[in-house]
Each structure stands twice: as structure tokens, then as C-alpha cells.
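Below are the chains, spelled out letter by letter.
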Amino acid sequence: MAINFEKALGIHPEALAVRAKRAEVIASNIANADTPGYKARDMDFKSALAQASQKQQSGMSRTHDKHFDVRTELNNNVQFRMPDQADTGDGNTVDAQVERNLYLENSMQYQASIQFLSGRIKGLKKAITGAG
Amino acid sequence: MSLFNVFTISGTGMSAQSVRLNTTASNIANADSVSSSVDQTYRARHPVFAAEMQKAAAGHEDSSVGVQVLGIVESNRPLNVEHAPEHPMADKDGYIYKPNVNVIEEMTNMISASRSYQTNVQLAESAKNMLNKTLQLGK
């Protein structure tokens, strides 16, 4: 079996990109925790990952300005969160504690993806050099 | 790279909360500033936060928005008028005017702003760790 660098890393690069995007979405929830009328948002990880890996399979590079842009676009998977508390008085649906925990969780999952990637890269290195 | 945006977003959060802390400090400092006319009396100031929606409208960022301070408004709660003819600042009818600052409210506001600020700092910190781990990838 030939070493295919594109497939050697599996789904982890896409998972990493989705995690990074989710970190950004949750960060904006926390930053806007005191903004009247702000609605908390989050990503649907499953569909975002599915979309990201689909885009990767059909990954084409644009060599002309008029080509369609088929790069990974994760913004479509961002949806509003269902608030636990319907009315907070100022229309804000951010629960700072919930968001902080989600951010932490997402950050750990990001690091897990990093670990997986790291393992794959180490495996490749081993295959290339032949030495442990 | 979206993780770099976390710094921008938490940065806007920090600056908005520091504006809030600033107005709170100004309100508490001036809570006892007496004046002799309605116009010259200090009024409690509060910032108005809003999500940075103009960026989203321009189509750059759909999902993540920072905070901006739209402006600072003065409270229109009635001033505290006291009849104190012996006070050196009393007007010709013997009244002095005290600011409409509610110190207890301001103290809770301060705690809330300071906690929100700290949360934003922690966000940036953990985004930094995530980026560091990414830079170490494969080593």
C-alpha cells in the first residue's frame, strides 16, 4: 500500500477545523454575555464535520477567478441555542456558565484531535525513516 | 484560522467590560458629589453593549461576533434633593442636589463586570494553549 498523505491523517484535520470554529462561536457567546438582545449560538458538530469531510473529498483548487469557491464553509452549520430560561428580561439567551463549560469541553476535544493527529504523523515518520 | 478570531472576540469583550468598570468607578467616585443646581449634578453613567452586527451584515463573519460599546447613557432617575440650608453648596432656597447613583447597584455591577472580564481573559488563555498545541503538532 502506497502512503497517501491526504488520507493518512484521516478525519482529524477536518475535526480540528470544526472544533476551532466552534471555539470561535462559543467565544462570541461569552463575549456577548452582557449584550441585550444577543442570542447564543452553537454548531451542529455532526453535520459540520460531515460537510467538512465531504468538501475535502471533492477538494478542488481554484485556478481562475470565475471558478466556484468550494472551500470548507462552516458558517452554515451555526444555529441558535435553545435557552433554558425563556425570558431573561433583556432578550439575551447566553448562560455564561453553560458556555464556559462547553468552551472547556470543546477545548479538550480539540486537544484530543491534536493527539490523534500527532499519533498519525509519528506513524508516518516511522514509516518514512524506518526507525522508531 | 478561526482560533485567532477568539483573541479578537475576547479582546472586544475585555474592552467592553473595562468601559463598564470605568463607568462604575466614575459613578462610585462621584456618588457623593454635591452640587447646587440640577444641571450641574453628576448623573449615573452606564455603557450600552451591542453585538458587532455590521461585520456580519457585510458577509465576512456569520457566526461569531464581538461586542461593541454603542455609547454611554446617563441615568434619568430623579436626583436626590436635600434641604440643607447650612450646606455651603446650598442654592438660594436651601437645597442641595446629590447624584442619582445607587452605590449598591454599582457594586454588583462592578463584580459582574470584573467576572465577565476574567472569563474573557480565560478564553484568550485557553485559545492560546490550543494554538500552542497545534504548533507543537508532529514534534
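Structure: above.
Residues numbered from 1 in each chain as written. Chains lettered and ligands numbered in written order. Predicted model: local features only at pLDDT ≥ 70, side-chain atom pairs only at ≥ 80, totals over all residues. Heavy atoms only, no water.

Of regular secondary structure, chain A possesses four helices and two strands. Listed N to C, the secondary structure of chain A is α-α-β-α-β-α in terms of helices and strands. Relative to all contacts within chain A whose residues are 6 or more apart in sequence, the contacts with residues 24 or more apart total 80%. For chain A, the accessible area works out to roughly 8100 Å², and carbon and sulfur atoms hold 55% of it. (Helix = DSSP H or I, 4+ residues; strand = E, 2+ residues; numbered from the N terminus. Contact = heavy atoms within 4.5 Å. Areas by Shrake-Rupley, 256 points an atom, 1.4 Å probe, with all protein chains shown as cover.)

Residue and element names in this part refer to chain A. The contact between helix α2 (residues 12–31) and helix α4 (residues 96–129) brings their axes to 9 Å, and the two run at 160 degrees. Taken together, the axes of α2 and α4 are roughly antiparallel relative to one another. The handedness of the crossing between α2 and α4 is left-handed. On α4, the residues that touch His 12, Pro 13, Ala 15, Leu 16, Arg 19, Ala 20, Arg 22, Ala 23, Ile 26, Ala 27, Asn 29 and Ile 30 of α2 are Glu 99, Arg 100, Leu 102, Tyr 103, Asn 106, Gln 109, Tyr 110, Ser 113, Ile 114, Phe 116, Leu 117 and Arg 120. (Axes fitted to C-alpha atoms, helices over the stretch in contact; angles between N-to-C directions. Parallel < 35°, antiparallel > 145°, perpendicular 65-115°, else oblique. Left-handed = near helix turned anticlockwise from the far one by under 90°.)

In this section: the interface of chain B and chain A. Often, the extent of an interface is quoted as the loss of accessible area on bringing the components together. Between chain B and chain A, the residue contacts involve 33 residues of the former and 29 residues of the latter. Summed over both partners, the interface of chain B with chain A buries about 2600 Å², with 58% contributed by carbon and sulfur atoms. At the surface where chain B touches chain A, the tally comes to one salt bridge. Put simply, Arg 20 of chain B and Asp 34 of chain A hold a salt bridge, and the shortest N to O gap is 3.0 Å. Counting the contacts that link chain B with chain A gives nine residue pairs in polar contact (both at pLDDT 80 or more). For the side of chain B that touches chain A, the elements supplying multiple residues, two or more each, are α1 (2–29), β1 (45–51) and α3 (103–135) of chain B. In terms of residue count, the dominant contributor to the side of chain B that touches chain A is α3 of chain B (ten residues). (Buried area = accessible area lost by both parts, 1.4 Å probe. Salt bridge = Lys/Arg side-chain N within 4 Å of Asp/Glu carboxyl O. Polar contact = N/O pair within 3.5 Å; in protein donor to acceptor, adjacent residues only side chain to side chain.)

Another aspect to go through is a nonpolar patch on the surface. Taken together, the side chains of Val 103, Met 107, Met 110 and Ile 111 of chain B present a nonpolar region at the surface, about 310 Å² in accessible area. Position of Ile 111 of chain B among the secondary structure elements: in helix α3. (Patch = residues over 30% accessible without salt bridge, like charges linked within 9 Å, V, L, I, M, F, W, Y side chains within 5 Å.)

Each α-helix turn comprises 3.6 residues. Residues three or four places apart therefore point the same way. Compared with an ideal rise of 1.5 Å per residue, which puts 33 residues at 48 Å, α3 of chain B spans 48 Å between its outermost C-alpha atoms and is within 8% of the ideal. Where α3 of chain B is concerned, the buried positions are Glu 106, Asn 109, Ala 113, Ser 116, Thr 119, Asn 120, Leu 123, Ala 124, Ser 126, Ala 127, Met 130 and Leu 131 of chain B. The elements touched by buried residues of α3 of chain B are α2 and α4 of chain A together with α1 and β1 of chain B. A side-chain oxygen of the first residue of α3 of chain B lies 3.2 Å from the backbone nitrogen of Ile 104 of chain B; this N-cap is Asn 102 of chain B. (Expected span 1.5 Å × (residues − 1). Buried < 20%, exposed > 50% of the residue type's maximum accessible area, 1.4 Å probe, protein only.)

Okay, the environment of Ser 18 of chain B next. With respect to the secondary-structure elements, Ser 18 of chain B resides in helix α1. Once the C-alpha coordinates of Ser 18 of chain B and Tyr 117 of chain B are considered, the two residues, 99 residues apart in sequence, prove to be 7.4 Å apart.

Residue and element names in this part refer to chain A. With respect to the secondary-structure elements, Asp 42 resides in strand β1 (residues 41–43). Within the structure, Asp 42 has its side chain in polar contact with the side chain of Arg 81 (distance 3.2 Å). Those residues in contact with Asp 42, other than ones at most four positions away along the chain, are Arg 22, Val 25, Ile 26, Asn 77, Val 78, Gln 79, Arg 81 and Leu 102.

The next point concerns the environment of Ser 112 of chain B. Residues and elements named next belong to chain B. Relative to the elements of secondary structure, Ser 112 occurs in helix α3. Residue Ser 112 is classed as partly exposed on the basis of its relative accessible area of 28%. For Ser 112 and Gly 66, which are 46 residues apart along the polypeptide, the C-alpha to C-alpha distance reads 18 Å.

Moving on: the packing of aromatic side chains. When we look at a pair of aromatic rings, we describe it by the centre distance and by the angle of the planes. For the structure on display, the rule yields one aromatic pair over all chains. Residue placement shows Arg 19 of chain A over the ring face of Phe 45 of chain A; its charged tip is 3.7 Å from the ring centre. (Phe/Tyr/Trp six-rings, centres within 6.5 Å; stacked < 30°, edge-to-face > 60°. Lys NZ or Arg CZ within 6 Å of the ring centre and 35° of its normal.)

Residue and element names in this part refer to chain A. All told, the structure shown has nine salt bridges over all chains when counted by the stated rule. Residue Asp 42 pairs with Arg 22 through a salt bridge whose shortest N-O separation is 2.9 Å. Pair noted here: Asp 42 is in strand β1 and Arg 22 is in helix α2, with a separation of 20 residues, a long-range link. Given the relative accessible area of 9%, Arg 22 is considered buried. Within the structure, one salt-bridge network assembled from shared partners comprises Arg 22, Asp 42, Arg 81 and Glu 99.

Looking now at the side chain of Glu 99 of chain A. Residue and element names in this part refer to chain A. Take Glu 99: it is sitting in helix α4. Among the residues examined, Glu 99 registers a relative accessible area of 1% and is labelled buried. Excluding its chain neighbours within four sequence positions, the residues that come into contact with Glu 99 are Ile 26, Asn 29, Ile 30, Ala 40, Arg 81 and Val 94.

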